[in-house]
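# Structure at a glance
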Amino acid sequence: MSFQAPKGVPEYFPPRSATFLAVRAAFAAAAQNAGYSYIEVPVFEDTELFARGVGESTDVVTKEMYTFADRGGRSVTLRPEFTAGVMRSTLEHGLHHGQLPVKLWTTGPAFRYERPQAGRYRQLQQFNVEAIGTEDPAVDAETIAVAWSGYQALGLTQVRLLLNTLGCKQCRPAYRAALQDFLRGLDLDEATRARIEINPLRVLDDKRPEVRAQVENAPLITDHLCASCKAHHDRVRALLEDLGVPWEDAPRLVRGLDYYTRTTYEFDHPLLGAQSGIGGGGRYDGLSEDIGGPPLPGIGFAVGVDRIILAVEAENLSQEAPARVAVYGVPLGEEAARRMFRLVNELRAAGVPADMAFDGKGLKGAMKGADRSGAAYAVILGERDIAAGTAQVKNLASGEQDAVPLAEIVTTLKERLTP
C-alpha cells in the first residue's frame, strides 16, 4: 500500500491506544467530579474568531493556522485551540445567563502547522476545562487542582507546576512600556522588533536560545502589579498551598496566546526534553469583549494528551490494554456457528463483552483466538453439544471445563464473572 498518515499526525492503535483512553478518562473524571459539564464545539470556525480571540500577533495566527476558503468563499480555520470556540458557543447559546460560573470541559483534536517533532504535532489532541463568568481566585485554584488531579490519577510523579500572573488592563500598560524600553535595546531580528511594538509579551515567549538569553534580565510583571492583581495572585497561591498542590514561581512565564490576564500557569515534565510542557492555562478576562461579547471573565486550561502519553511512557506507567472480551465463542460446524452467533449477542445484551471465532476455524485455531482475546471463558459448541442441549464452558486460566445447559449459559457466565 502506498498511503501513509499525513506528516505530523500521530495515530494511536492497540496496545498504545489504551494509554490514550486512560489519559482522557483521567481528566474527564477530574473535571466531572468538580461539576464541569461536557461541551462539543466545531472543528472549524470563522477565521476572524481566532484572529480576534487568540491574537493577530501570535505565532498561532501568523504562522500556524490551517485557513482556507470554503465553497461559499468564507474564510474558515481548523481550530488551533478550544477556548475561543467555547467562549463563542457560551455567548451564542446564552449559557452565561444561567448559573455562573459556566463550567465546561471538552476534548478532541486541534490543528497547527508546525515542524513535526516528538511531542509537537500538526494534529494535536487536547483536553480543555473552562470556567466562565467569575473573577474569584478560588476558581483559578480549582482549575489547577482539576488538572493536578488528572496527572495524579495517571500516577505521574515528576510534574511541575509553574505559576505566574500577567496583571490586568490597569497595571499592564506600565509594565508594557518598561518591557518595550528594555527590548528595544536588544540585538533582535526585524520580525521580532516589530513584535515589540505590537505585543512585547510575545518576545518573552520566544523559544529561540539566542532570544531567551537576551531577555534573561527583562523587567518582571510581578514588580508592576496593581494592588488588586497582587492580592489575587497571593490568594491563588495560598489556596494551592491549602490544597497541597506544589507550585513554583515563574515570573517570566508567558503563555503563547494574547487573551491571557492575571493567573497564568504551565505544567512541565522534565523527562520530555525540549517539549516539556504538558499542559497550561490561565485567566482570559477580556476574551469575551475581544470577540464582541459583554464583559465576562474566565479561566481555563488545556492539557496536551499526546505529550502526557509521552510522560506516562517516560515514567513507565503505560496502561495495559484491557481484555477485549470476557467470553469467546468457539463454534464447530455451520449449525453451531449460527447458534453461537445468537448466544454471543445474548451475552452482549446482558452486559457481558463477548466475541467468537469466524470463518469456520477448527478447534485449535479458534482456541488460539480465545487466548488472544483475553477472555476469561471460552464457550465451545459442537454438533454433539447441540444435540445434548449444552455447551462446554472452559475457564481459560485454570483449564477447567464443564457442560452447561444452553438455556443457562448467560446466567452461569454472569455469575462466574461476578467478583
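Coordinates for the structure precede this section.
These notes cover the structure that comes with them. (Residues numbered from 1 in each chain as written. Predicted model: local features only at pLDDT ≥ 70, side-chain atom pairs only at ≥ 80, totals over all residues. Heavy atoms only, no water.)

## Description of the sheet that holds strand β16 (residues 401–405)
Either a parallel or an antiparallel arrangement is found when strands of a sheet pair, and the pairing is made through backbone hydrogen bonds. One open sheet accounts for five strands, arranged β13-β12-β14-β15-β16; its pairing is mixed. Single-partner strands in this sheet number two, and they are β13 (354–356) and β16. Strand-to-strand twist of the sheet, defined as the mean angle between neighbouring strand axes without regard to direction, takes the value 25°. Note: strand β12 (residues 327–331) against strand β14 (residues 377–381), five bridges, orientation parallel. From the neighbouring strand, Y328 faces β14, where its bridge partner is A378. Across the sheet, helix α13 (residues 334–349) is in contact with β12, β13 and β14; its angle to β13 comes to roughly 165°. Strands β12, β14 and β15 (390–395) of the sheet are contacted by helix α14 (residues 363–373), whose axis makes an angle of about 175° with β12. (Pairing = 2+ DSSP bridges. Helix = DSSP H or I, 4+ residues; strand = E, 2+ residues; numbered from the N terminus. Axes fitted to C-alpha atoms, helices over the stretch in contact; angles between N-to-C directions. Contact = heavy atoms within 4.5 Å.)

## A few points about α14
All buried positions along α14 are accounted for by A366, M367, G369, A370 and S373. Looking down the long axis of α14, one finds its buried residues gathered within 150° of arc, a one-sided arrangement. Summarising the geometry of α14, the exposed residues directed more than 90 degrees from the buried face are K364, D371 and R372. In this fold, the buried residues of α14 make contact with β12, β14 and β15. A positive backbone phi angle near 80° is found at G374, which sits one or two residues after α14. (Buried < 20%, exposed > 50% of the residue type's maximum accessible area, 1.4 Å probe, protein only. Arc of directions from axis to C-beta.)

## Some words on unusual backbone geometry
Each neighbour pair has its own omega, and for P14 with P15 the value is 5°, a cis peptide bond. Of note, P15 is situated in the segment before α1 (17–33). Residues L100 and P101 are joined by a peptide bond in cis, for which omega reads 0°. Within the element layout of this structure, P101 appears in the loop between α4 (83–92) and β5 (102–111). Positive phi values are uncommon outside glycine, yet R262 reaches one of about 50°. The exposure class assigned to R262 is buried, which follows from its relative accessible area of 11%.

## As for the nonpolar core
Formed by 43 residues in total, the largest nonpolar core has its most connected members in M87, I132, L179, L183, V203, L204 and V215. Secondary-structure elements contributing two or more residues to this core are α2 (47–53), α3 (59–64), α4, β5, β6 (123–132), α6 (172–183) and α8 (201–204). The biggest single contributor to this core is α4, with four residues. Sequence-distant contacts of L179, defined by excluding residues within four places in its chain, comprise P200, L201, L204, A218 and P219. Of all hydrophobic cores here, the second largest spans 42 residues; its members include Y36, Y265, V305 and A311. (Core = buried A, V, L, I, M, F, W, Y, C linked by side-chain atoms within 4.5 Å.)

## Focus: α1
Taking 1.5 Å of rise per residue, the 17 residues of α1 would be expected to cover 24 Å, and the 24 Å separating its terminal C-alpha atoms lies within 8% of that figure. By the burial criterion, the buried members of α1 are S17, A18, T19, F20, A22, V23, A26, F27, A28, A30 and A31. Among the structural elements, β5, β6, α5 (137–153), β11 (298–304) and α12 (305–314) are those in contact with the buried residues of α1. (Expected span 1.5 Å × (residues − 1).)

## Some thoughts on the side chain of K103
Tracing the backbone shows K103 in strand β5. At a separation of 3.1 Å, a polar atom in the side chain of K103 contacts the side chain of E142. Setting aside residues up to four positions removed in sequence, K103 forms contacts with A34, G35, Y36, S37, E130 and E142. (Polar contact = N/O pair within 3.5 Å; in protein donor to acceptor, adjacent residues only side chain to side chain.)

## So, the environment of E315
Within the secondary structure, E315 is located in the loop between α12 and β12. Expressed as a C-alpha distance, the spacing of E315 and L156, which sit 159 residues apart in the sequence, is 7.1 Å. Residues in contact with E315, not counting those within four places in the same chain, are G155, L156, T157, Q158, H269 and L271. A polar atom in the side chain of E315 sits 3.0 Å from the side chain of T157.

All we've got here are geometric facts, nothing functional implied.
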